[in-house]
Every structure is written in structure tokens, then in C-alpha cells.
Amino acid sequence: MFYNAIRRRPSMLGYDQSLVWTVLLLLAVGLVMVYSASIASAEVDKQIGFRSSYFLVRHCIFLGIGMSCALLAFQVPIRVWQQYAPYLFLLGAALLVLVLVPHIGKVVNGSRRWLNLFVVNFQPSEAMKFFAVLYAADYTVRKAAYMHSLVKGFFPMFLVMLFTGGLLLAEPDFGAFAVITAIAMGLLFLGGFDWRLFGGLIVMLVIGFVGIIVSSPYRMQRVIGFMDPFKDPYGKGYQLSHALIAFGRGKWFGVGLGGSVEKLSYLPEAHTDFLMAIIAEEFGFVGVALVVLLFAWLIYRAFAIGRQAAKLERYYAALVAQGIGIWLGVQSIINMGVNMGVLPTKGLTLPLLSFGGSGILANLVALAVLLRVDWENRQLMRGYTV
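Residues numbered from 1 in each chain as written. Predicted model: local features only at pLDDT ≥ 70, side-chain atom pairs only at ≥ 80, totals over all residues. Heavy atoms only, no water.

Undergrad: Where do I start with the overall build of the protein chain in this structure?
TA: Broken down by element type, the protein chain carries 13 helices and three strands. Seen along its three principal axes, the alpha-carbon backbone of the protein chain occupies a region of about 60 × 50 × 45 Å. For the protein chain, the proportion of its 386 residues judged to be buried stands at 48%. Of the contacts formed within the protein chain by residues at least 6 apart in sequence, a portion of 71% connects residues at least 24 apart. Total accessible area on the protein chain is roughly 18300 Å²; 69% of this is exposed by carbon and sulfur atoms. Positive and negative charge centroids in the protein chain, built from 30 and 18 side chains respectively, lie 8 Å apart. (Helix = DSSP H or I, 4+ residues; strand = E, 2+ residues; numbered from the N terminus. Buried < 20%, exposed > 50% of the residue type's maximum accessible area, 1.4 Å probe, protein only. Contact = heavy atoms within 4.5 Å. Areas by Shrake-Rupley, 256 points an atom, 1.4 Å probe, with all protein chains shown as cover. Lys, Arg positive; Asp, Glu negative; His and termini not counted. Charge placed at Lys NZ, Arg CZ, Asp CG, Glu CD.)

Here it is as C-alpha cells:
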């Protein structure tokens, strides 16, 4: 019977080819640039045995694991993701609590963001972004009748986000907090939340973010350094000043693949948070523009798939697709803004490109769910059930 059902569905393999190719191109660019940006630092790092291909090999392993998990995630119907969304969100919150426990959470560069899994380090905040998309979409659908009420529509979500934000700020991970807040607020707005209340909440959020920055000397120093990095180029402005130098050296067409000077131990985190600066140095404006266009198309397709799902009255699937678009769009904009000196340093990687197993895994699983939304849309439009 199952075999006959498969034979009756010749369009089962239908998928958004442009989306898949865009993702594959971004992954390919990321693979090449992670190796280019990390080869020099890996060769002089005695802790990893002076192996130039250390980060390349690990990145390939992360890609393999991420794609395997993505294939599994694609098999899961969207209705199942909706059913388990609250439980996954609770799992993410538990992991955020666990990472704060001494001797369990690992401290790197003054931040306690990782769980040591012996072979690799896992960053719960990356998984939490995906869980936040699933939960916020489910909440918005369940509370659709109360989207014009501040108390019944917004306040419960506010409490949940407040708790999550408190855990993230305790690490501290201000960047992840900003992304998850954008996801929750964006999905509430797309779900029909009253625009006047939404405008007022945006003002309150801005005031809250300013308060968080002012109350923390650490964050305040980052903002001051971001405004004039060359005032203290060997102190708090060191990282950004070298990122800007990389952009300046790249000009229109760059210095060529492998020709970066800033990656020679001048620019810290060149293969993670500041990968875009190395792309700018080696491929110039053209390379940066290509990456921006690929991300723009990826986000456009996410929202287009969401709109199609909404037309089919699949409102949860629509919000999940658009929530993934918000997540990847906001995070990529923040990362690019930080690299170009438009925003203060946040510690956010560039989705699909930067080195980091947790981020790659979360991004690929999310995109597999996005492809599942598109696949189910196509099945319904052709008269099949999902």
C-alpha cells in the first residue's frame, strides 16, 4: 500500500530549487572562506598542533552533521513540529539554565555560553533561536483571537521572553537576546497584533535596550568603542578598527583569495564573527554584494513560502517560514553591520558561513523545516494530503 501511495505521487520530490541552490552556494562560500580565514591562525596555534586544515576539517564535519540532521528534520510534518513546539521551547530553556551551572557551562572569552560535550562544544542559544520560531508561531496561532489585547495577546509572551532574555543576558549573550526578541515581536506583528500597541511596544523595547546597555559598563564600553574605534585602536576599538581596515583594503574587487593580511592574527575571530570582513578584503565590494544578494534571496523566498502557506490557510506553517526568514535576516544584518562598524560588536556569527557547529546545525535544520513548508504547500496545491 505504501509503495502504491508513493507511485501515485509523482510530484513528491517537488521543492524550491532556487532556495536549495542559494543555501548550497552560501555553504560553499562559507567553507572556502572559513579555510582561508583560519589557515594562518591554525598554523601558529600550538594547542591544535599547528595544523593548517584544523578548522576546515571540523567545519566539514559540522556541515555533514548539519545536513544529516536537516534530512531527518525534513521528514517531520509541520503539524508535528507544532505539536511539540512548547516542549522544545522548554527544552531550550532548560539548556539555557544548564549552561549557567558552574563546571557544566564552559566559559570562553568571559562568556558562559557553551556546554562541553567532550568532542565539541554546544551552544544552547543557537538551538533556542529555532525553538523560539516554533513556539512563537504556535503561540500566535493559538492566541489569534486576542491579538488586539495587550493583556491576553502580548503579556504572556512578554513574560516568556523576559525569562528567556534573563537567561541569555546572564551568560551574557546580548546578540542572541536581540535576535530572539526580533523573532517574537515579528511573528506577533505578522500574526495580526494591533499595530498601535505594537508601535508603543517598539518604543518601550528601544528604551529597555538602552537601559540594558547603560546599566552594564561592559556593554557601554562596546558602544563607545564602536562609535570611534580608532580612538583606542589597541584597546576596545582593536577588533573593529582591523575589520574596517580589511574593508578598506578590499576596495572593489579585493586582494584575491588567500591574500588577506588581516587574517594573519591581526583580526580576532576572523573565521567566526568577522568572516565578512575577510570576504570584503579578499573579494572586495563585489564579493560582499554577492553574499548580501544571496541572503536577500533566501529571506525573500522564506517570506514568499510563508505567504503561499497563508493562502492555503496553513497559518502555523506560514508563521514558521516567515519566522525563519526574520531570524536569518536579522542575524545576518547584525553581523554585517558589526563588521562594517554600523553596529556595536554583538558576538553573532554570519548564518551558514561562519565557523561554528551549533550555528550551522540550527541553521540547516531550520532551513529543512522551511523546505518542508514549501513541499507541503506544493502537495496541497496538487491535491494531495500532507
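Undergrad: For this particular structure, what's the right way to read the packing of helix 5 (residues 124-142) against helix 12 (residues 315-339)?
TA: A pair of packed helices is characterised by two quantities: the angle between their axes and the separation of those axes. In contact at an axis separation of 9 Å, helix 5 and helix 12 are set at 145° when each is read in the N-to-C sense. Classified by chirality, the crossing of helix 12 by helix 5 is right-handed. Facing helix 5, whose interface residues are E126, K129, F130, V133, L134, A137, D138, T140 and V141, helix 12 presents Y315, Y316, L319, V320, G323, I324, W327 and Q331. Its residues assigned to classes, the contact of helix 5 with helix 12 comprises 11 nonpolar, three polar and three charged. (Axes fitted to C-alpha atoms, helices over the stretch in contact; angles between N-to-C directions. Left-handed = near helix turned anticlockwise from the far one by under 90°. Nonpolar A, V, L, I, M, F, W, Y, C, P; charged D, E, K, R; others polar.)

Undergrad: I tried to follow the side chain of D138 on my own but got confused; where do I start?
TA: Structurally, D138 is set in helix 5. Side chain to side chain, D138 and R142 meet in a polar contact 2.9 Å long. Dropping the residues within four chain positions of it, D138 is found in contact with Q82, A85, P86 and Y316. (Polar contact = N/O pair within 3.5 Å; in protein donor to acceptor, adjacent residues only side chain to side chain.)

Undergrad: Sorry, what's going on with unusual backbone geometry here?
TA: Phi is mostly negative for residues that are not glycine, and the peptide bonds are mostly trans. The amide bond that connects E171 to the next residue, P172, takes the cis arrangement and shows omega of -5°. Inspection of the secondary structure puts P172 in the loop between helix 6 (150-170) and helix 7 (174-190). The phi angle at H103 is positive, at roughly 75°, despite the residue not being glycine. Inspection of the secondary structure assignment puts H103 in the loop between helix 4 (78-99) and strand 1 (105-108). With a relative accessible area of 85%, H103 lands in the exposed category. Within the chain, K251 stands out as a residue other than glycine whose phi angle is a positive 50°. Summarising the element assignment, K251 is placed in the loop between helix 10 (238-250) and helix 11 (275-311).

Undergrad: Which parts of the structure should I look at to understand the packing of aromatic side chains?
TA: Any pair of aromatic rings gets described here by the distance separating the centres and the angle formed by the planes. Scanning the model with the defined rule gives 13 aromatic pairs in all. Relative to F55, the ring of Y54 lies with its centre 5.1 Å away and its plane at 85°, an arrangement referred to as edge-to-face. The rings of Y54, F55, F62 and F355 are connected pair by pair, giving a single aromatic cluster. Over the ring of F74 we find R372; its NZ or CZ atom is 6.0 Å from the centre of that ring. (Phe/Tyr/Trp six-rings, centres within 6.5 Å; stacked < 30°, edge-to-face > 60°. Lys NZ or Arg CZ within 6 Å of the ring centre and 35° of its normal.)

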